[in-house]
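Reading the structure
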Amino acid sequence: LTIGVVRESAPGEHRVALVPETAKKFQALGAKLVLENTLGLESHFMDSTYEGATFDQEKSGIYRNSNLILRVAPPTPEEIAEMPEGSVLIGLLKPFEDKARLAALNARKITAFALELLPRISRAQSMDALSSQGSCAGYQCGLIAAARCTKFFPMLTTAAGTIRPARVLVVGAGVAGLQAIATCKRLGAMVEAYDVRAAAKEQIESLGAKFVDTGVSADGAGGYARELSAEEKAQQAEKLAKAVAMADVVITTAAIPGKKAPVIITVDMIKRMKYGAIIVDMAAESGGNCALTQPGEHVVANDVNIHGPLNLPSRMPTHASELYAKNLYNFLSPWIKDGQLAFDWSDEVVAGTLLCKDGATVHATVKQVLG
Ligand code: NAD
């Protein structure tokens, strides 16, 4: 088994799919490593720390000699064209986004695993890249909010008088939202949070935050949220608007897998917000939870600052890469024996994560969404 890893090609992507610790572990299983020069530089992993690996400066040579390719973000069409027919590719491949990319992978008969599709079952927790990267993203949202807020987060008692703590509202309390809550709480803010899943109430309260009850519950398949009906959306908006109006900071992280992010913070709600308030919209990448979010931009409306940061885990590439690389190792290592890769295609985790194989897209939900 030869594992190939090249520098990520997506603009602004500083993470890396293999770190020295997992490089060592893959080699202990008998795998050879072919890596691009300065592979981990942007995550601060120097070439010399990948002991035992072979380095090359040509992406094409690395791909040609590899039968397992590790990625963070999806490869470009040019990169896919260089991958050997029948090779195995694993990464956060954005499976619902690009039909042409799937066609290119199938044209090369690539066996592709998209970690976004990994079943969220207990056994797969150590492989769950959405969770590891979601934690990084939520933490970054909390930090961005604190850094941009023109108020203290904690309560302060000073000689000049008492400062009230900042009020933070987190909308969407999945993995990222819960990390944003925890981060803002650690900084001393008064935190309220809201999610449509009933289970989120307890999780929010366990972090010491207050649950905003809108009376709308929308648990969907696989522990995810389902899309709300028009009536539910109206009921949610009415109750939520009050909490939004009182907040100094609103952090939004609501997502529905395979769908555009729901718009939850409307223009009308923004008009009712405090002057100088901040919105950090983590869902900017998938359309935004706020009606005025511009992906990757900072916009000001009615003196409310709306931030739409992109690729948040890449802002902390050392730890994000460490966690991600461990997720990849935990997914792959059970199937590497005596230096050979042999998947059990009937395994629930393998089958659930498999996107393409033998020239066809095999994942049922992806096929249904992309048509
Ligand atoms: P996600 O990124 O898909 O969504 C983020 C959050 O947005 C979710 O909590 C969702 O309920 C919420 N949301 C969606 N629409 C909303 C709306 N209109 N208003 C308010 N909130 C809305 O979710 P995620 O963080 O990846 O996690 C999804 C679920 O999977 C959670 O239940 C999580 O606890 C669970 N999970 C399980 C495991 C495991 O057992 N292995 C691992 C990770 C996550």
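So, here's what we can say about the structure. (Residues numbered from 1 in each chain as written. Predicted model: local features only at pLDDT ≥ 70, side-chain atom pairs only at ≥ 80, totals over all residues.)

**What to know about the packing of helix α5 (residues 129-148) against helix α6 (residues 175-186)**
Close contact between α5 and α6 brings their axes to 7 Å; oriented N to C, the two are set at 40 degrees. Considering the angle they form, α5 stands oblique to α6. Remark: the crossing between α5 and α6 carries right-handed chirality. Mapping the contact onto sequence places S131, G134, S135, A137, G138, Y139, C141, G142, L143 and A145 in α5 and V175, A176, G177, L178, Q179, A180, T183 and C184 in α6. Within the contact of α5 with α6, the residues separate by chemical class into ten nonpolar, eight polar and no charged. (Axes fitted to C-alpha atoms, helices over the stretch in contact; angles between N-to-C directions. Helix = DSSP H or I, 4+ residues; strand = E, 2+ residues; numbered from the N terminus. Parallel < 35°, antiparallel > 145°, perpendicular 65-115°, else oblique. Left-handed = near helix turned anticlockwise from the far one by under 90°. Contact = placed C-beta atoms within 7 Å. Nonpolar A, V, L, I, M, F, W, Y, C, P; charged D, E, K, R; others polar.)

**Thoughts on the nonpolar core**
Counting residues in hydrophobic clusters, the biggest one holds 110 residues, and the most contacted among them are A145, V168, V170, I181, A193, V249 and I251. Looking at this core element by element, the count peaks at nine residues for α5. Look past the residues within four positions of V168 in its chain and what remains in contact with it is A145, C184, A189, M190, V191, A247, D248, V249 and I251. (Core = buried A, V, L, I, M, F, W, Y, C linked by C-beta atoms within 7 Å. Buried ≥ 20, exposed ≤ 12 C-beta atoms within 10 Å, placed from the backbone.)

**Overview of the sheet that holds strand β14 (residues 298-301)**
Pairing is mixed in the open sheet, where seven strands are placed in the order β11-β10-β9-β12-β13-β15-β14. Both edges of this open sheet fall to β11 (210-211) and β14, since each of them pairs with a single strand only. Here strand β10 (residues 190-194) runs beside β11; their pairing, made up of two bridges, is parallel. In the sheet register, E192 faces β11, and the bridge partner there is K210. Along the sheet face, α5 touches β9 (167-171), β12 (249-252), β13 (278-281) and β15 (304-307) and points at about 160 degrees away from the line of β13. Across the sheet, α6 lies against β9, β10 and β12, angled at about 170 degrees from β10, the strand it touches most. (Pairing = 2+ DSSP bridges.)

**Concerning the sheet that holds strand β4 (residues 68-70)**
Across the sheet, which stays open at both edges, the eight strands sit in the order β3-β2-β1-β4-β5-β6-β18-β19 with mixed pairing between neighbours. Sheet topology places β3 (54-56) and β19 (360-361) at the edges, where each strand pairs with a single neighbour. For β4 and strand β5 (residues 88-91), the ladder comprises three bridges, and the chain directions are parallel. By the bridge assignment for β5, L68 is matched with V88.

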